[in-house]
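As a plain string of letters, each chain reads:
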Amino acid sequence: MSDRPAPEHLLTSVQMARFVAHGFVRLDAVVPEELNADAVDVLSAGIPAVPYGTPVAEAFAPGSLPARLIGVPAVAGALHSLVGPAPHVDHHAVHVREPGEGSAQPLHGDAIIDVRPDAFDVQLMYYPREVTLRAGGTLIVPGSHLRRTNESDTGRYQNLRGQHRLTCPAGTVVILHHGLWHGGRRNEGTERRYMFKIRFNPVVRQRLLWNTADLDDPAVAEELRVQFPWYEQATGRLEFHNRVRLWRALTGEDDFDLDHWVTRVSNRPERLPADA
Amino acid sequence: MTTAETPAATGTLRQQVLVLYLSTSALDSGTVGWARYDGTGATTPTTGDGDEPPYPDGVAALRDGWRLIQAAQLIPPYPGHEYDVSFLKHEFLFEKLVRV
């Protein structure tokens, strides 16, 4: 992962803006079938843990399932765009949900409250098999990643309008901002559900790491303006404000704004009037 | 959860709880989130079990017999944290007492 992926495999600015608004990138069926076929046995056997913060090149042996997974061009390109070259592996985990197993996880963010304004970890989630609605795929709440909440303190929120109850074809990878609210749903299907998660820590400043050829595309702002049905009327406006600040951090464009949201409330002129 | 043991002639009551998260602090504003808990044991609501809210707003729940038992206070932001986003602010708890 230390080599820069080809530009066509990197995320575009529009896709990055979508990540800043939604808090995740979804790559449907990008993992080849032969890797998916190997994955269930490998995941069932377990993948050895690595110490927290292991450089990715040391964490996974060449040819291993995780190494092959993060070497898939679309996956490598997305990871590079988000966290840059040679990130560290925070930890990884195999999640298996048995049919009819218990209750769903409470809605949560992983680790602990993490309010870094200009850096973020990502969590890669890989689904080697098709996930159906009955199989209870991961519940994801778009646009929840900038909320300042701690782990499962959000457990009372059973359902939010516009939530994604993930269904996907085999070989799908979803990459989440560390703050995104999510949870494993109850598996009401008849087959085991598999998901492999890897959390990555960046080791470089996360600025303009993607394919920036379209940085000035008006579609960037349109992606950043998306509203989600679960946002309260007033707080939804604060989300715009906070997205602008994150986009400024990721691009270095300190005067970027959406509809004057940040500019208006930070305008404190010091210039004296001409007739003073 | 509370339960009430009532005289044999009237049976036993169990509490059902409905939590609605609304778009503003007004009870008749739109539902953006919800949760249910069932003290009768007849149902087992859980995370991510539906995409459609049970009521379009808080007043619709009242009209269906739910009793409002708590509404979230309106608390000003802490100085310096005016632009922070965190939990949903407009939380309304309702109950029904159901004979079992």
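Keep in mind that what you see is a predicted model, and the values were worked out from it rather than measured.

Enquirer: What's the story with the interface of chain A and chain B in this structure? I'm lost.
Expert: A common measure of how large an interface is: the accessible area buried when the components associate. Across the contact, 31 residues belong to chain A and 24 residues belong to chain B. Looking at the side of chain A that touches chain B, the elements that each hand over two or more residues are β6 (159-160) and α7 (233-251) of chain A. If one sorts the elements of the side of chain A that touches chain B by residue count, α7 of chain A sits on top with six residues. The residue makeup of the side of chain A that touches chain B, split by class, is eleven nonpolar, eleven polar and nine charged. Where β6 of chain A and strand β3 (residues 31-38) of chain B come together, two bridges link them in antiparallel fashion. The residue of β3 of chain B that forms the bridge with Asn 159 of chain A is Trp 34 of chain B.

Enquirer: What is the right way to read the domain arrangement of chain A from this model?
Expert: Residues and elements named next belong to chain A. Split by domain assignment, chain A resolves into domain 1 (7-201) and domain 2 (218-265). A C-alpha centroid distance of 25 Å is found between domain 1 and domain 2. Of the residues contributing to the side of domain 1 that touches domain 2, the split by class is ten nonpolar, three polar and three charged.

Enquirer: I'm lost on the nonpolar core in this one. Help?
Expert: Among soluble globular proteins, nonpolar side chains are generally buried collectively. Counting residues in each nonpolar core, the largest one holds 75 residues, and the members touching the most others are Tyr 126, Val 173 and Ile 175 of chain A. Contacts of Tyr 126 of chain A, omitting those with residues within four sequence positions, involve Val 31, Leu 69, Val 173, Met 195 and Phe 196 of chain A.

Enquirer: I keep staring at helix α5 (residues 73-83) of chain A and nothing clicks. Help me out?
Expert: Two residues of an α-helix separated by three or four positions point the same way, owing to the 3.6 residues in each turn. Residues and elements named next belong to chain A. Burial of α5 is extensive: eight of the eleven residues sit out of reach of the surface. Taken residue by residue, α5 has Val 75, Gly 77, Ala 78, Leu 79, His 80, Ser 81, Leu 82 and Val 83 as its buried positions. Its buried side turned inward, α5 meets α1 (13-22), β1 (24-27), α4 (65-71), β4 (122-127), β8 (172-177) and β10 (193-201). Looking one or two residues beyond α5, the residue adopting positive phi is Gly 84, at roughly 85°.

Enquirer: Is there a simple way to think about the sheet that holds strand β2 (residues 54-55) of chain A in this case?
Expert: Two strands in a sheet stick together by hydrogen bonds in their backbones, pointing the same way (parallel) or opposite ways (antiparallel). All names here are of chain A. Taken in spatial order, the six strands make up an open sheet running β1-β8-β4-β10-β3-β2, and their pairing is antiparallel. The strands lining the two open edges of the sheet, one partner per strand, are β1 and β2. In this sheet, β10 lies alongside β4 in antiparallel orientation, the contact comprising five bridges. Each bridged residue has a counterpart across the sheet, and for Leu 124 the counterpart in β10 is Ile 198. Sheet contacts for α5: β1, β4, β8 and β10; angle to β1, the most-contacted strand, approximately 170°.

Enquirer: What is the right way to look at the confidence of the model for chain B in this model?
Expert: Predicted coordinates in areas of low pLDDT are best not read in detail. On average, residues of chain B score 92 in pLDDT, and 90% of them are at 70 or above. Scoring of the predicted complex yields 0.94 for pTM and 0.93 for ipTM.

Enquirer: Mind showing me how you'd approach α1 of chain A here?
Expert: Residues and elements named next belong to chain A. Counting buried residues in α1 gives eight out of ten residues, a clear majority hidden from the surface. All of the buried residues in α1 are Ser 13, Met 16, Ala 17, Arg 18, Phe 19, Val 20, Ala 21 and His 22. Looking at the buried positions of α1, the neighbouring elements they touch are β1, α5, α6 (218-224) and α7. Gly 23 occupies a position one or two residues after α1 and carries a positive phi of about 90°.

Calculation criteria
- Positions within a chain are numbered from 1, following the residues in the order the chain's sequence is written.
- Here every chain gets a letter starting at A, and every ligand a number starting at 1, in the order they are written.
- Only residues with pLDDT of 70 or above have their local features reported here, since the model is predicted, and side-chain atom pairs are shown and tallied only from 80 upward, although totals for entire chains, interfaces and linings are computed over all residues.
- We call two residues in contact when the distance between their C-beta atoms, placed using the backbone, is within 7 Å.
- Strands are runs of DSSP state E lasting at least 2 residues, helices are runs of H or I lasting at least 4, and numbering of each runs from the N terminus.
- Three classes are used, and their members are as follows: Ala, Val, Leu, Ile, Met, Phe, Trp, Tyr, Cys and Pro are nonpolar, Asp, Glu, Lys and Arg are charged, and the others, Gly among them, are polar.
- DSSP-based pairing: two strands are paired if at least 2 bridges between them are found.
- Domain start and stop points were drawn from an automatic or database domain assignment.
- The nonpolar core is taken to be a set of buried Ala, Val, Leu, Ile, Met, Phe, Trp, Tyr and Cys residues joined by way of C-beta atoms within 7 Å.
- Partly exposed residues are those whose C-beta has more than 12 but fewer than 20 other C-beta atoms within 10 Å; with 20 or more the residue is buried, with 12 or fewer it is exposed, and the C-beta atoms are placed from the backbone.
- Orientation is described by axes fitted as lines to C-alpha atoms, over the contacting stretch for helices, and by angles from 0 to 180 degrees between their N-to-C directions.
- For every residue, the predictor assigns a confidence score, pLDDT, that lies between 0 and 100.

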